[in-house]
Amino acid sequence: MTSQIRCEKNVQAHTGRIVINRVDMDNAFSIEMVKAMRDGFADFAQDDAIKAILICAEGEHLTCGFDLTQVEEIYKQAPGGSSKKVPSQRARLMAQDALWWGTDGLYKRILHSPKVTVLAAKGMCHEVGLYLSLCCDLVLAADTARFGNPRWSHLGVDGDISMLVAAVGLKRAKELMMFGLEWDAREAQTYGLVDEVINEVQLDAAALELATLCTQVMRDGIAAEKHVVFASLAKMQISTGFATAATVGAWASNIHFRPGEFNFLREVRNQGLDSALTAADTHFHP
Amino acid sequence: MIHVTETGAVATITLRDCEPLSRHDIDFAMQLRDAVRDTADSNTIKAIVICASGPDFSPPSSPTDLLKAAEMFSGAMRHKWHAAYCAPSGLYQNLAYCKKVLLTAVQGRCAGAGSMLVLCSDFTVCASRSSFESPFATLPESSLVLAALTMRLNRAKSWMLGPQAWNSEQAVQAGLVNRAVDAALVSSQAQTMAQLAARMPLDGIAMTKLLAEAFLDTQGVGQDFDMAGFYCDSMAAALHARRSQQRGASA
Amino acid sequence: MKAYGNPDSLRSAPGQVLFEKSANGIARITLNRPEKHNAMTVPMRARLMTLIHQCEEDDDVRVIVLSGNGKSFCSGNEINEDWGQRVPGQKRMTLTMANRYASDLNYGRQGFSQALTRCSKITVLQLHGYCAAAAYFMIATRSDLVVVTPNSKIGALEARFLGPAGAVSAVHINRILGTKAARRYGYTGAAMSGDDALRLGLAHSCVSDEALHSEVNTIAMHIASQPLPLLAYYKARIRAAESLFQTNVREISGLLFSHFLQADQDEAHFWTKVKESGVGGALIADKARLAAATKKVEAA
């Protein structure tokens, strides 16, 4: 458990709420936070009183993504992760599965939630934030929201792309994948990532209203549809996409940087996160 | 006929236009395939831009040329045609599954094979006055699955069945084209986008492309190419019927 | 297959689904039950299927245009219809009966929706007013080219009280609208306007009410002017691509589920309400519930 992920229930309103709260780090997700959110979803899934789940955040941003200071820690914690100086391939695969893409991974848990999921997005919605937008059923974005995964252009794409393509189309998805872009809220809405753009001041209330609207449907109605959705996600090969992402994500740590190429994770290791971010900015946006 | 230059991590392949491909010229397809494959194989190249020196990236073919082209895929040459255009080692699969980032820079009209090149590339820049005709009326190797993945299902059907070619605005809105710019800026915009993509580490591009290739195959793109051979005879019959109708109308 | 319906609906169907064929190869199938927003009875759907098959076998037909008379294209299936499902002594809907209804008489292999989806002729939908429920799932999202008007109201409008019932899960809807819009419209039961439908990619074009007929005619004439082998080729390509893309298979829609869903004490059950106060009464009760819920949120 961590206070940086708060899980709340309003049984009368039939809504659950998950609040991301690590404002001093732009809501960067630590391993503990990933697990807490994952467990929160598991708990809501089992609670018959809950029909809709809202994800929101304290502070200016939804999330800047995974806490990069913990990248190596993920692998060390996995089986076979500590036996050698460089974590084994099996440790990397199991970590990818456990955290994100496997049966109990965060993204799988959200995508396969038997309840309606609503996201209130604002500020930076990077990496984990992008995937929260793709996995949640309904996405309201503040006019401050910006969506992307800059890390991809530093490293290469190492996550599922099937959901992004299903949402925005192949060539548009590739812009986000390869150019290190951010889409602002309006662009994200136009392309098919966001349902509605709201003034930031009204965001949380609007998201709660939307979640409550969804609770008007019978529990059996929500569950019936959700279970057919799981089947159709499989038909659309999203589950294959997740499996591929876990495999490829594990390869990401095998990447060899050639002379002149910027090794972001080495910078983080040697110079610390802030310095690495500045150096990345200089390298990629001269 | 095909000119290749390299600037840093970006290779530029210049054709006069795609007309020989619309005609199903086998030698030309192999030359372009080789150019793409060889540049993709280089350890210094990360992005490849395909552009045309002529006024149109891919001018529409005349009805007579289309009939001659149909000979390639429905006559004695069909196996060679299949190997050159449809097979995994053929032109379009080398483009759609290219190991490096692939961009098309489109000036003027884009019909037939040019539209298929656009579908197979990762990114497309066009001139604001460019137009895009669907490739489905003339190329049995054109991929409707790739079109649907790019622009959603009904838009792909609209493109195929609708009376008019798309203008650049429609093409951008549908997601077929990434950017439409003034004609004078097409080339530089394509180079800028290529440079942007080339910032990714070489291994990162390999990883990205492996993911993308796996994805395309889960969606049926590979199978769509496999089916091309089955469409040849009916495509040829359709082209002949259209020619007869046009002759009848002008008589 | 047996002709399901009641004597009245069976007798009325030919007059409620009109057919004409022009000399230039345009076949028109027109729903004609305007007093009920063209709600389709079982025999109407059977006739729709028969006419589609007839067009497929007729070399004179180059293109099929679907439309509806009156204020709307179609509000969906007729609800609460006697089509021969009542078995003496059986109170509840059996799975056998639900499957017959949902599958054979709707979206399954033998039903009218698959006939439309896999039709070997190009189909053009002329859509105005309401296009809801079965008309959305099984016709609008199954036609090749859809022409709409700005104030069309399209979608799974019954989702508010039945639950999404297939609107989110249907693969073809996801591939037509994109996953975001499929979820948005499915979970909220909101209506898509004609402009929405164009913007999202469902519609080929959106024109004024006055221009609708001529726009559809222009498109149909363009298609009909092309030689039959080319048109057949296009449809063969579409069918093959849809098979690869899994968009032409039957969806599992809420039709199969809705009678088995149980409402908890704090929930309203649509079909129970229908029994108590008719369809109109159930819709009014649902609106009131939603209004109350919104007030609760505003007060919080």
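To be clear, the structure that these remarks concern was listed above.
Residues numbered from 1 in each chain as written. Chains lettered and ligands numbered in written order. Predicted model: local features only at pLDDT ≥ 70, side-chain atom pairs only at ≥ 80, totals over all residues. Heavy atoms only, no water.

All names here are of chain B. The strand order across the open sheet built from three strands is E5-E7-E8, with neighbouring strands paired in mixed fashion. Lying at the two open borders of the sheet, with one neighbouring strand each, are strand E5 (109-110) and strand E8 (166-167). Examined bridge by bridge, strand E7 (residues 131-132) and E8 share two bridges and lie antiparallel to one another. Each residue of the ladder has a partner; that of Ser 131, found in E8, is Asn 167. (Pairing = 2+ DSSP bridges. Helix = DSSP H or I, 4+ residues; strand = E, 2+ residues; numbered from the N terminus.)

Next up on the list: unusual backbone geometry. If you check the backbone angles, Glu127(A) has positive phi at about 50 degrees while not being a glycine. Counting through the fold element by element, Glu127(A) comes out in the loop between strand E5 (124-126) and helix H5 (128-135). The backbone of Gln246(C) sits at a positive phi, close to 65 degrees, despite the residue not being glycine. Looking at the element boundaries, Gln246(C) is found in the loop between helix H11 (228-245) and helix H12 (270-299). On the basis of relative accessibility, which here comes to 28%, the residue Gln246(C) falls in the partly exposed class. (Buried < 20%, exposed > 50% of the residue type's maximum accessible area, 1.4 Å probe, protein only.)

Below, the discussion takes up the pairing of strand E4 (residues 116-121) of chain A. All names here are of chain A. For E4, a buried count of six out of six residues is recorded, marking the element as mostly surrounded by other parts of the structure. Residues Val 116, Val 118 and Ala 120 line one face of E4 and the alternating positions Thr 117, Leu 119 and Ala 121 line the opposite face, and both faces are buried. Pairing geometry for strand E3 (residues 52-57) and E4, over four bridges, is parallel. Along E4, the bridge assignment pairs Ala 52 with Val 116.

In any sheet, the strands associate via hydrogen bonds between backbone groups, in a parallel or an antiparallel arrangement. Spatially, the six strands line up as an open sheet ordered E1-E2-E3-E4-E6-E9 (chain A), and their pairing is mixed. Each end of this open sheet is capped by a strand with a single partner; those strands are strand E1 (5-10) and strand E9 (196-198) of chain A. Recorded for the sheet is a direction-independent mean angle of 20 degrees between the axes of neighbouring strands. Relative to the sheet, helix H8 (residues 179-188) of chain C contacts E4 and strand E6 (138-142) of chain A, its axis offset from that of E6(A) by approximately 105 degrees. (Axes fitted to C-alpha atoms, helices over the stretch in contact; angles between N-to-C directions. Contact = heavy atoms within 4.5 Å.)

Once that is clear, we can look at the pattern of salt bridges. One pass over the full model with this rule turns up 37 salt bridges over all chains. For Arg22(A), the salt bridge is made with Asp67(A), and the minimal N-O distance between the two is 3.1 Å. Taken together, the residues span a long stretch of sequence, with Arg22(A) in the loop between strand E2 (15-20) and helix H1 (31-46) and Asp67(A) in the loop between E3 and helix H2 (71-77) at a distance of 45 residues. Given the relative accessible area of 13%, Arg22(A) is considered buried. Of the residues examined, Asp67(A) reaches a relative accessible area of 3% and is grouped as buried. A salt bridge links Lys99(B) to Asp41(B); the nearest nitrogen and oxygen atoms lie 3.4 Å apart. (Salt bridge = Lys/Arg side-chain N within 4 Å of Asp/Glu carboxyl O.)

Here we come to the pairing of strand E4 (residues 122-126) of chain C. All names here are of chain C. When you tally the buried positions in E4, you get five out of five residues, the bulk of the element. Burial along E4 is two-sided: Ile 122, Val 124 and Gln 126 facing one way and Thr 123 and Leu 125 facing the other are all buried. Bridge count between strand E3 (residues 63-68) and E4: four bridges; the pairing is parallel. Among the inter-strand pairings, Val 65 is bridged to a residue of E4, identified as Val 124.

For the rest of this paragraph, the subject is the interface of chain B and chain C. Taken together, the 34 residues of chain B in the interface contact 32 residues of chain C. Counting the surface lost from both chain B and chain C, the interface buries some 2900 Å², and carbon and sulfur atoms represent 63% of this. Joining chain B to chain C, the criterion identifies two salt bridges. Of the charged contacts, one joins Lys157(B) and Glu242(C) as a salt bridge, the two residues approaching to 3.0 Å between their closest N and O atoms. Here chain B and chain C share 12 residue pairs in polar contact (both at pLDDT 80 or more) between them. Of all the elements in the fold, those that place two or more residues in the side of chain B that touches chain C are helix H7 (144-151), helix H8 (153-161) and helix H12 (221-250) of chain B. Along the lines of polarity and charge, the residues of the side of chain B that touches chain C split into 18 nonpolar, 11 polar and five charged. (Buried area = accessible area lost by both parts, 1.4 Å probe. Polar contact = N/O pair within 3.5 Å; in protein donor to acceptor, adjacent residues only side chain to side chain. Nonpolar A, V, L, I, M, F, W, Y, C, P; charged D, E, K, R; others polar.)

Bringing the interface of chain B and chain A into the picture now. Counting residues at the interface gives 41 residues for chain B and 41 residues for chain A. Taking both sides of the interface into account, the surface hidden between chain B and chain A amounts to around 3200 Å²; carbon and sulfur atoms contribute 64%. Of all residues in chain B, Arg199(B), Met207(B) and Leu211(B) give up the largest surface area on contact with chain A, accounting jointly for 21% of the area buried on that side. Where chain B packs against chain A, one counts three salt bridges. Between Arg179(B) and Glu175(A) there is a salt bridge, with the nearest N and O atoms lying 3.2 Å from each other.

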